[in-house]
Amino acid sequence: MNLNFALLLKHVILCLACIGGDKLGEFVQKPALLRACIDNATHALIGCIVSVIVLNSGKIHVTKQDYWMFLFEATIVSSCIDLDHFIEARSFSLKDATHLDHRPFLHNSALCLFILGLLFAIIRFDGSVKLRLFIAMAFVAFSTHHIRDATRRGIWIKTPIFNKSSPALPYVAYIAFVNFVPHAIIYLLQVATPASKTKFVELV
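Below, the structure is looked at part by part. Worth saying up front: this structure is predicted, and the values here are computed from it rather than measured. Along each chain, numbering runs from 1 in the same order as the chain's sequence is written. Local features in this predicted model are restricted to residues of pLDDT 70 or higher, and side-chain atom pairs are both shown and tallied only at a pLDDT of 80 or more, whereas totals for entire chains, interfaces and linings draw on every residue. Side-chain metrics rest on all non-hydrogen atoms present in the structure, leaving aside hydrogens and water.

With that out of the way, let us pick up the overall build of the chain. Labels follow the DSSP assignment, with helices taken as runs of H or I lasting at least four residues and strands as runs of E lasting at least two, numbered in each case from the N terminus. Within the chain one finds eight helices and two strands. The order of helices and strands in the chain, counted from the N terminus, is α-α-α-α-α-α-α-β-β-α. Atoms counted for the radius of gyration: C-alpha only. Globule rule: 2.2 Å times residue count to the power 0.38. In terms of C-alpha radius of gyration, the chain reaches 18 Å, essentially the compact-globule figure of 17 Å for 204 residues. Once the C-alpha set of the chain is aligned to its principal axes, its extents read approximately 50 × 45 × 30 Å. Any pair of residues with heavy atoms lying within 4.5 Å of one another is described as a contacting pair. Of the contacts made within the chain by residues no fewer than 6 positions apart, 71% connect residues no fewer than 24 positions apart. Here, Shrake-Rupley sampling with a 1.4 Å probe gives the accessible areas, and only protein chains in the shown set may cover a residue. For the chain, the accessible surface area stands at approximately 11500 Å², while carbon and sulfur atoms represent 70% of it.

Dropping the structure here:
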């Protein structure tokens, strides 16, 4: 299959996952548990598809075992971010977890900036392809999760000297940003690496 067509197909599937998951969540209002499962599964599916685009870019060479490990990481982390609702609520009750009076700590987008900064540092100073991809998949998970949530509550950034939330993200911007994330990661992994380290070595 032509590489450009395959890439286009993945982006179409990504858009369908975003829109389909959101529409299904709007349609299924009750029971609340089912709606929460649909919402969480949509986060996981988006993280999975974005990671597939990164890993199948043709510019990153990993073994099959590592490929599935990184795919699993992005998918599971995208989903598990929402566990912070229960941690903050100090309860296993879905009602308590979804009725917090504040946003839980893993939804602080300062974490995305931290992971991105860490990725820059790893790219510049460490030659390990595995470590770069491990951090990159974490960024995929957090960034896509936060971008999707931003359509409802905006982007929230809290630091010791800053605590602000943006307005809700327009839906079209959400779709655009989610589709942009994998290419930003691919660019970072390739272009931002020093010349002596630009060529990834296939892991064996």
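So that's the structure; there's more coming.
Next up on the list: the pairing of strand β1 (residues 156–159). Any two strands with at least two DSSP-identified bridges between them are counted as paired. Relative to strand β2 (residues 162–165), β1 runs antiparallel, the two sharing four bridges. Looking at the pairing, Ile157 lines up with Lys164 of β2. Between β1 and β2, which follow one another and run antiparallel, lie two residues.

Once that is clear, we can look at the environment of Cys48. In this fold, Cys48 is placed in helix α2 (residues 32–55). The spatial distance from the C-alpha of Cys48 to the C-alpha of Asp149 is 17 Å, given a sequence separation of 101 residues. Residues in contact with Cys48, not counting those within four places in the same chain, are Leu71 and Thr75.

Within the secondary structure layout, His107 lies in the loop between α5 (94–97) and α6 (110–125). Excluding residues that lie within four positions of it along the chain, His107 makes contacts with Ile81, Asp82, Asp84, His85, His145, His146, Asp149 and Trp156.

Before going further, it helps to spend a moment on the packing of aromatic side chains. A pair of aromatic rings is counted whenever rings of Phe, Tyr or Trp (Trp by its six-membered ring) have centres within 6.5 Å, and the orientation is called stacked for planes under 30 degrees apart, edge-to-face for over 60 and tilted otherwise. Under the counting rule described, the total for this entry stands at two aromatic pairs. Each ring, one from Tyr67 and one from Trp68, has its centre 5.4 Å from the other, and the planes form 90 degrees; the classification is edge-to-face. The cut-offs for exposure are 20% and 50% of the maximum accessible area for each residue type, with area from a 1.4 Å probe on protein chains only; residues under the lower value are buried, those over the upper are exposed, and the others partly exposed. A relative accessible area of 54% places Trp68 in the exposed class. Here Tyr171 and Tyr174 contribute two aromatic rings whose centre-to-centre distance is 5.1 Å and whose plane-to-plane angle is 75 degrees, an arrangement assigned as edge-to-face. Of the two residues, Tyr171 and Tyr174 are both situated in helix α8 (residues 171–191); the distance of three residues between them amounts to about one turn of the helix. Under the relative-accessibility criterion, Tyr171 is labelled partly exposed at 34%.

Between its first and last C-alpha, helix α7 (residues 129–153) extends 35 Å over 25 residues, near the 36 Å set by a 1.5 Å rise per residue. The buried fraction of α7 amounts to 19 of the 25 residues, a majority that puts the element mostly inside the structure. A helix is expected to span 1.5 Å for every residue after the first.

It is worth spelling out the packing of α2 against α8 at this point. For helices, the axis comes from a line fit to the C-alpha atoms of the stretch in contact; other axes are also lines fit to C-alpha atoms, and the angle between any two N-to-C directions lies between 0 and 180 degrees. Interaxial distance between α2 and α8 falls to 9 Å at its minimum, and their mutual angle equals 35 degrees. Where α2 crosses over α8, the two elements pack in a sense that is right-handed. Residues Ile46, Val50, Ile53 and Val54 of α2 lie in contact with α8, whose contacting residues are Tyr174, Val178, Val181, Pro182, His183, Ile185, Ile186 and Leu189. Under the scheme applied, nonpolar residues are Ala, Val, Leu, Ile, Met, Phe, Trp, Tyr, Cys and Pro; charged residues are Asp, Glu, Lys and Arg; polar residues are all the others, including Gly. Residue composition of the contact of α2 with α8, by class: eleven nonpolar, one polar and no charged. Helix crossings fall into two classes, left-handed where the near helix is turned counterclockwise from the far one by less than a right angle and right-handed where it is turned clockwise.

A cluster of nonpolar side chains, namely Phe5, Leu8, Leu9, Val12, Ile13 and Leu16, defines an oily patch on the protein surface of about 550 Å² accessible area. With respect to the helices and strands, Val12 occurs in helix α1 (residues 3–27). To count toward a patch, a residue needs a relative accessible area over 30% and no salt bridge; like charges are then connected within 9 Å, while nonpolar side chains (Val, Leu, Ile, Met, Phe, Trp, Tyr) are connected within 5 Å. The salt bridge criterion pairs a side-chain nitrogen of Lys or Arg with a carboxyl oxygen of Asp or Glu, the two atoms within 4 Å.

The next thing to look at is the state of the cysteines. The disulfide criterion is simple: two cysteine sulfur atoms within 2.5 Å. Applying the stated criterion to the full structure yields zero disulfides. The cysteine Cys18 is free of any disulfide, with Cys15 supplying the nearest cysteine sulfur at 6.3 Å.

This part takes up the environment of Trp68. By the secondary structure assignment, Trp68 is in helix α3 (residues 64–80). In the structure, Trp68 is positioned 13 residues away from Leu55 in sequence and 9.8 Å away in space, judged by C-alpha atoms.

Bringing the nonpolar core into the picture now. Judged by nonpolar contacts, the single largest core of 44 residues is most densely connected at Leu14, Leu119, Leu133, Tyr174, Val178, Ile185 and Leu189. Among the elements of the structure, α1, α2, α3, α6, α7 and α8 are those that each provide at least two residues to this core. Counting residues per element, this core draws most heavily on α7, which supplies eleven residues. Think of a nonpolar core as a cluster: buried Ala, Val, Leu, Ile, Met, Phe, Trp, Tyr and Cys residues, connected wherever their side-chain atoms sit within 4.5 Å.

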